[in-house]
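Next come the chains, spelled out residue by residue.
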Amino acid sequence: MSLPLPHGGRLVQRILKGDDLEQAKQRASDLPSLTINEELVKDVKNICRGVFSPVQGFFSRQELESTLSTMRLPNGDVWPIPLLLSTSKEQADAFTEGEELALKDESGKLIALLHLKERTLFSNERIAQAVFGTTDPKHPGVAETLDQGDVFLAGPLSLIEDSKEPFYDFNLDPIETRVLFSEKGFDSVTGFQTRNPSHRGHEYLQRCALEITDGLFINPVVGKKKVGDFRDEVILSAYRALVENFFPKSRVVLSILPLRMRYAGPKEAVLHAIIRKNFGCTHFVVGRDHAGVGSFYGPFDAQKLFDTLPDLGIEILKFDNSFYCQKCLSIATSKTCRHEENDRLAPSGTAIRQMLQNGAAVSPHLMRDEIVAAIRAFDQPFIE
Amino acid sequence: MPQSIYLSDELYEHLKAHADSQGKTVDAVAEEVLKAGLPSTDAKTQVYSKEDEEKVKDRLRGLGYLD
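Analysis parameters
- Residues numbered from 1 in each chain as written.
- Chains lettered and ligands numbered in written order.
- Predicted model: local features only at pLDDT ≥ 70, side-chain atom pairs only at ≥ 80, totals over all residues.
- Heavy atoms only, no water.
- Helix = DSSP H or I, 4+ residues; strand = E, 2+ residues; numbered from the N terminus.
- Rg over C-alpha atoms; globule rule 2.2 N^0.38 Å.
- Buried < 20%, exposed > 50% of the residue type's maximum accessible area, 1.4 Å probe, protein only.
- Contact = heavy atoms within 4.5 Å.
- Areas by Shrake-Rupley, 256 points an atom, 1.4 Å probe, with all protein chains shown as cover.
- Axes fitted to C-alpha atoms, helices over the stretch in contact; angles between N-to-C directions.
- Parallel < 35°, antiparallel > 145°, perpendicular 65-115°, else oblique.
- Left-handed = near helix turned anticlockwise from the far one by under 90°.
- Pairing = 2+ DSSP bridges.
- Nonpolar A, V, L, I, M, F, W, Y, C, P; charged D, E, K, R; others polar.
- Salt bridge = Lys/Arg side-chain N within 4 Å of Asp/Glu carboxyl O.
- Polar contact = N/O pair within 3.5 Å; in protein donor to acceptor, adjacent residues only side chain to side chain.
- Patch = residues over 30% accessible without salt bridge, like charges linked within 9 Å, V, L, I, M, F, W, Y side chains within 5 Å.

1. A closer look at the overall build of chain A
Then step 1. Along chain A, the regular secondary structure elements total 13 helices and 16 strands.
Then step 2. Taken over the C-alpha trace, chain A has a radius of gyration of 21 Å; the compact-globule value for 384 residues is 21 Å, and the two agree within 12%.
Then step 3. For chain A, the spread of C-alpha atoms along the principal axes amounts to about 70 × 45 × 45 Å.
Then step 4. Burial statistics for chain A: of 384 residues in total, 57% are counted as buried.
Then step 5. If you take every contact in chain A between residues at least 6 apart in sequence, the share linking residues at least 24 apart comes to 74%.
Then step 6. As displayed, chain A has an accessible area near 15800 Å², and 46% of this comes from carbon and sulfur atoms.

2. Considering the packing of helix α3 (residues 61-70) of chain A against helix α1 (residues 9-22) of chain B
Then step 1. Two elements in contact, α3(A) and α1(B), have axes whose closest approach is 11 Å; the angle formed by their N-to-C orientations is 155°. Relative to α1(B), the element α3(A) lies roughly antiparallel. The way α3(A) lies across α1(B) gives a crossing that is right-handed. Where α3(A) approaches α1(B), its residues Gln62(A), Ser66(A), Ser69(A) and Thr70(A) are matched on the opposing element by Glu10(B), His14(B) and His18(B).

3. Side note on the sheet that holds strand β16 (residues 344-345) of chain A
Across a sheet, paired strands are connected by hydrogen bonds in the backbone, their directions being either parallel or antiparallel.
Residues and elements named next belong to chain A.
Then step 1. Taken in spatial order, the 3 strands line up as β15-β14-β16 in an open sheet, and their pairing is antiparallel. Unpaired on one side and paired on the other, β15 (330-333) and β16 mark the two borders of the sheet.
Then step 2. The strands touched by helix α8 (residues 200-212) within the sheet are β14 (322-325) and β15, with β15 carrying the most contacts at an inclination of about 75°.

4. Things to note about the packing of α1(B) against helix α2 (residues 26-37) of chain B
Two measures define how a pair of helices packs: the angle their axes make with one another and the distance between the axes.
All names here are of chain B.
Then step 1. Interhelical geometry of α1 versus α2 gives an angle of 105° and a closest axis separation of 9 Å. Compared by their axis directions, α1 and α2 come out roughly perpendicular. Contacts between α1 and α2 involve Tyr 12, Leu 15, Lys 16, His 18 and Ala 19 from the first element and Val 26, Val 29 and Ala 30 from the second.
Then step 2. Looking at the contact of α1 with α2, its residues break down into 6 nonpolar, 1 polar and 1 charged.

5. Topic: the interface of chain A and chain B
Then step 1. Between chain A and chain B, the contact holds 30 residues from the first and 21 residues from the second.
Then step 2. Put simply, chain A and chain B have 2 salt bridges between them.
Then step 3. Glu176(A) serves as the salt-bridge partner of Arg59(B), at 2.6 Å between the closest nitrogen and oxygen.
Then step 4. In this assembly, chain A and chain B are joined by 6 residue pairs in polar contact (both at pLDDT 80 or more).
Then step 5. Elements supplying a minimum of two residues to the side of chain A that touches chain B: α3, α7 (174-183) and β10 (252-254) of chain A.
Then step 6. Among the elements that make up the side of chain A that touches chain B, the one with the highest residue count is α7(A) (7 residues).
Then step 7. Partitioning the side of chain A that touches chain B into residue classes produces 12 nonpolar, 10 polar and 8 charged.

6. A few points about the pairing of β14(A)
Residue and element names in this part refer to chain A.
Then step 1. By the alternation rule, side chains of β14 split into Ser 322 and Tyr 324 and Phe 323 and Cys 325, which are all buried.
Then step 2. The pairing of β14 with β15 spans 4 bridges and is antiparallel. Residue pairing in the sheet places Tyr 324 in a bridge with Ile 331 of β15.
Then step 3. As consecutive antiparallel partners, β14 and β15 are separated by 4 residues, and within that stretch Leu 329 has a phi angle of approximately 60°, a positive value.
Then step 4. Of the pairings in the sheet, the one linking β14 to β16 comprises 2 bridges and is antiparallel in character. Residue pairing in the sheet places Tyr 324 in a bridge with Leu 345 of β16.

7. Here's the deal with the pattern of salt bridges
All names here are of chain A.
Then step 1. Scanning the entire structure with this criterion turns up 32 salt bridges over all chains.
Then step 2. One salt bridge in this structure joins Asp 43 and Arg 262, with 3.0 Å as the shortest N-O distance. Separated by 219 residues along the polypeptide, Asp 43 in helix α2 (residues 38-48) and Arg 262 in the loop between β11 (257-258) and α10 (266-278) bring together distant segments of the chain.
Then step 3. Assessed through its relative accessible area of 0%, Asp 43 is described here as buried.

8. A short note on unusual backbone geometry
Residues and elements named next belong to chain A.
Then step 1. Between Ser 53 and the following residue, Pro 54, the backbone shows a cis peptide bond with an omega angle of 10°.
Then step 2. Within the fold, Pro 54 resides in the loop between α2 and β2 (57-58).
Then step 3. Between Glu 165 and the following residue, Pro 166, the backbone shows a cis peptide bond with an omega angle of 0°.
Then step 4. Tracing the backbone shows Pro 166 in the loop between β7 (151-159) and α7.
Then step 5. Its identity is not glycine, yet Met 71 carries a phi of approximately 60°, on the positive side.
Then step 6. Overall, Met 71 belongs to the buried group, its relative accessible area being 10%.
Then step 7. Even without a glycine there, the phi angle at Ala 291 is positive, about 60°.
Then step 8. Here Ala 291 shows up in the loop between β12 (283-286) and α11 (301-307).

9. A word on a nonpolar patch on the surface
Residues and elements named next belong to chain B.
Then step 1. Taken together, the side chains of Ile 5, Leu 7, Tyr 12 and Leu 34 define a hydrophobic patch exposed on the protein surface, amounting to about 380 Å² of accessible area.
Then step 2. For Leu 7, the location among the structural elements is in the segment before α1.
Then step 3. Look at Leu 7 and you get partly exposed, because its relative accessible area is 37%.

Structure below.
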């Protein structure tokens, strides 16, 4: 086995440098501008850094139609969720196809240039139904989609603002992980996505992955959170406690990924797998209800969707929930343990969060003491 | 000599609709799409340039990822 080519065969790099960067900055002051929110800034940076290779910009109507109807780009590459820049008709009318737009964040900082190729009107309901499988506004991704403007600006991007924030020291691009995996001599690497500090169930999956592949790439997603979620700095600190105290240094790489969470369940799981393929992973862990929310998706819907995509180019490691079995005296899953439900301690993220919030003791069978200590080192580990 | 490949019904229908809209044959459009989508021989072995690789290694060393 060897590290895979990026999705679509080429690692997209659309970061302006040197003279090109200076000229773009000068040009931008005379260009029409559009303010984009924090989540769109992440999409822009991820497109330009190759996280979403082979995508080079926001989707055209043809790309959007193709993605929604076939889950593929027009050239046939698997692609589950369109990357869109929405705006109102009034705002879109102020722009001309063929011109450049300066994209700025909410503080007014210049982020990127959009080379505007197309403005297209499209039904947000249709997008929601195809991406999320529902138009129920109780679904947070649907609510956001129905709330957005229905004119979409399409075209390739060029990144101007390339600062590695947050967490400069733990924020690698795909080109960097690819070089790193290669230098470490990995021929196979498992990508592990997470949004929480590692409990013993997560660790079990990570160790299983290390038994299968040369390397493990722990890639916590950071960004917009809900009240009660762990803060990003807590997640990173807890993972450092695990990686630096327990895993073999030569075989595990920890780096965060600023990424918009869409809660699109199965389709988002496919996007997450493509992203890790672009980082150089050969394998990707998909557990129960990956990227799901509420009860909108079945626990194994994401795993089943991968069965229909044999040309995805990354192997999926499918797991059920794990637990501590008080008779086996180890972490196990229903595949490896014969005992009854009441013999099992399930490391539920919600239950562990409540124990931590209430100052209660957390069993080391659920979460390692070192990780609990790393979390409790923060005065306020949760989003308020 | 032309070779056969197998596509899902869904992908074939998508390809055919695209070909019809352009007044081309399915074969012609399939060939165009494949040529445009496949990496060149160089890209298969070289995802990044040697120059980029050295810059990346410097950053990775600076961050402690590489010794």
